[in-house]
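Breakdown of the fold
Listed below, chain by chain, are the residues.
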Amino acid sequence: MYTHGMNMAESREDVGNLIIDAHNHPNYLGFNCEKLLQDMEQNNIDQLWLLSLETPRHEYHPAYFKHCWPDGNGAIPFSSCLEFYRQHPDKFVLGYAPDPRLPESIHRLEAAIELYGVRVCGEFMLRMMYDNPDALKLFRFCGKRGLPVIVEVNYGVGKVNGQAEPWADYWYGGGIDTFERAIRACPDTTFLGHGPGFWAHIADDEGYRLSNYPKGEIIRGGRIVDMMRSYPNLYCDLSAGSGLNALERNPQFATEFLLEFQDRCLYGRDTFGNEHQQYLNSLGLPEEVLRKIYAGNASRLVD
């Protein structure tokens, strides 16, 4: 069983038994700074990546108004990340992802790096194709500056005439093919795959067309496995219901997947509580592998 260590790592070689939540947000689901710190303590999380979500108002689902308090800069503006970080810089790694369609986006990101120490570019959740020339330009800039990029891929599966159809609801990124083209076009940029439209491709089936969270046995040969083997700059963000659902479909497959890609899988939640840790700890993975997933890989990417 993975045992938690209390001291913060001083270097990427000294992660010990730290736990880093590599995907979360400020003022999300009712968690202000105080409540978030309490949640981190309860769940043995030493450090957390604070990600913005500057999806334009007309592109995010109306339900976001009950999950957070959007302003004119997006669903979760960078200013909220900065507010938390300034209070507890030892607890948070600062993330920021400006909309690449804005002409000043790279200048904004560069200023955030230089002025505030941003170390992660995330989260992108945009109703655009991720191989858009503007997006590729920003992704390549992240590669030059050493920032990992976190993107949500989502087919927005909804109902049309009673039948499940992709692209019927709020979609983001343009699907797995578009994401693969972006990864291939930016070999010097580290991408973290995330979201229903990414994790649905753990299996070689049509589940991504029928549900945002497909269930059932995993048919081997899924796109994620092929892409992970083909692109060393692709990492997996295990967070959210989408990541947990994909792993829970078959514990044996999940174990094999995490063993094969132990150097490129990152623990994250994109929610609160302890479900992800409980499941990862139940798989019987070697301690060395858990150390990488819980902290080592995340620490290496932002060192």
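Here's a quick rundown of the structure. Owing to the predicted nature of the structure, the values given are computational and were not obtained by experimental measurement.

As a further point, take the nonpolar core. Counting residues in hydrophobic clusters, the biggest one holds 87 residues, and the most contacted among them are Leu109, Phe124, Phe139, Phe179 and Phe257. Counting residues per element, this core draws most heavily on helix α5 (residues 133-145), which supplies six residues.

The strand order β1-β2-β3 describes an open sheet built from three strands, whose pairing is parallel. For this open sheet the edge positions go to β1 (20-24) and β3 (92-94), each flanked by a neighbour on one side alone. Ignoring strand direction, the axes of neighbouring strands in this sheet form an average angle of 20°. As judged from the three bridges shared by strand β2 (residues 47-50) and β3, these two strands associate in the parallel manner. Looking at β3, one finds that Leu48 is bridged to Phe92. The strands touched by helix α3 (residues 78-87) within the sheet are β2 and β3, with β3 carrying the most contacts at an inclination of about 145°.

Attention now moves to the pattern of salt bridges. In total, this model carries 16 salt bridges according to the counting rule given. Glu59 is the salt-bridge partner of Arg101, the closest N and O atoms lying 2.9 Å from each other. Of the two residues, Arg101 sits in the loop between β3 and α4 (105-116) while Glu59 sits in the loop between β2 and α2 (64-67), which places them 42 residues apart along the sequence. Judged by its relative accessible area of 6%, Glu59 is buried. A cluster of three or more residues bridged by salt bridges with shared partners is formed by Asp177, Glu180, Arg184 and Arg223.

Here we take up the packing of helix α12 (residues 275-282) against helix α13 (residues 287-302). Contact geometry of α12 with α13 gives a least axis separation of 11 Å together with a crossing angle of 160°. It follows from the interaxial angle that α12 and α13 lie roughly antiparallel. The two elements α12 and α13 cross, and the hand of that crossing is right-handed. Between α12 and α13, the contacting residues are Gln277, Leu280 and Asn281 on the first element and Leu290, Ile293 and Tyr294 on the second. A class-by-class count of the residues in the contact of α12 with α13 yields four nonpolar, two polar and no charged.

Our focus in this paragraph is α13. Taking 1.5 Å as the rise per residue, α13 with 16 residues should run 22 Å; its terminal C-alpha atoms sit 22 Å apart, in good agreement. Within α13, the axis deviates most sharply at Ile293, by approximately 50°.

Turning our attention to the pairing of strand β8 (residues 191-194). Along β8, one buried face is formed by Phe191 and Gly193 and the opposite face, lined by Leu192 and His194, is buried too. Looking at chain direction, strand β5 (residues 149-152) and β8 are connected through four bridges and run parallel. Each residue of the ladder has a partner; that of Ile150, found in β8, is Leu192. As paired elements, β8 and strand β9 (residues 234-237) share three bridges and run parallel to each other. Bridge pairing in β9 places Phe191 opposite Leu234.

What follows deals with the packing of aromatic side chains. Counting across every chain of the model gives 18 aromatic pairs. The interplanar angle of 85° and the centroid separation of 5.4 Å between the aromatic rings of Phe124 and Phe139 together place this pair among those described as edge-to-face. With Phe124 in strand β4 (residues 121-124) and Phe139 in helix α5, the pair connects residues that are 15 residues apart, well separated along the chain. An identical accessibility class is assigned to Phe124 and Phe139; each is buried. Where Trp167 meets Trp171, the ring centres are 5.8 Å apart and the plane angle is 80°; that geometry is what we call edge-to-face. Trp167 gets classed as partly exposed once you look at its relative accessible area, which sits at 40%. By way of ring pairs, the aromatic residues Phe124, Phe139, Phe179, Phe191, Phe198, Trp199, Phe253, Phe257 and Phe261 are connected into one cluster. Across from the ring centre of Phe31, 4.6 Å away, lies the NZ or CZ of Lys35, which sits over that ring. A cation over an aromatic ring shows up here: Arg127 above the ring of Tyr170, its NZ or CZ 5.2 Å from the ring centre.

Examined against the element boundaries, Asn43 turns out to sit in the loop between α1 (33-42) and β2. Other than its neighbours up to four places away in sequence, Asn43 contacts Ile19, Arg269, Gly273, Asn274 and Gln277.

What counts and how
- Residues numbered from 1 in each chain as written.
- Predicted model: local features only at pLDDT ≥ 70, side-chain atom pairs only at ≥ 80, totals over all residues.
- Heavy atoms only, no water.
- Core = buried A, V, L, I, M, F, W, Y, C linked by side-chain atoms within 4.5 Å.
- Buried < 20%, exposed > 50% of the residue type's maximum accessible area, 1.4 Å probe, protein only.
- Helix = DSSP H or I, 4+ residues; strand = E, 2+ residues; numbered from the N terminus.
- Pairing = 2+ DSSP bridges.
- Axes fitted to C-alpha atoms, helices over the stretch in contact; angles between N-to-C directions.
- Contact = heavy atoms within 4.5 Å.
- Salt bridge = Lys/Arg side-chain N within 4 Å of Asp/Glu carboxyl O.
- Parallel < 35°, antiparallel > 145°, perpendicular 65-115°, else oblique.
- Left-handed = near helix turned anticlockwise from the far one by under 90°.
- Nonpolar A, V, L, I, M, F, W, Y, C, P; charged D, E, K, R; others polar.
- Expected span 1.5 Å × (residues − 1).
- Bend = angle between axes of the 7 residues up to and from the residue.
- Phe/Tyr/Trp six-rings, centres within 6.5 Å; stacked < 30°, edge-to-face > 60°.
- Lys NZ or Arg CZ within 6 Å of the ring centre and 35° of its normal.

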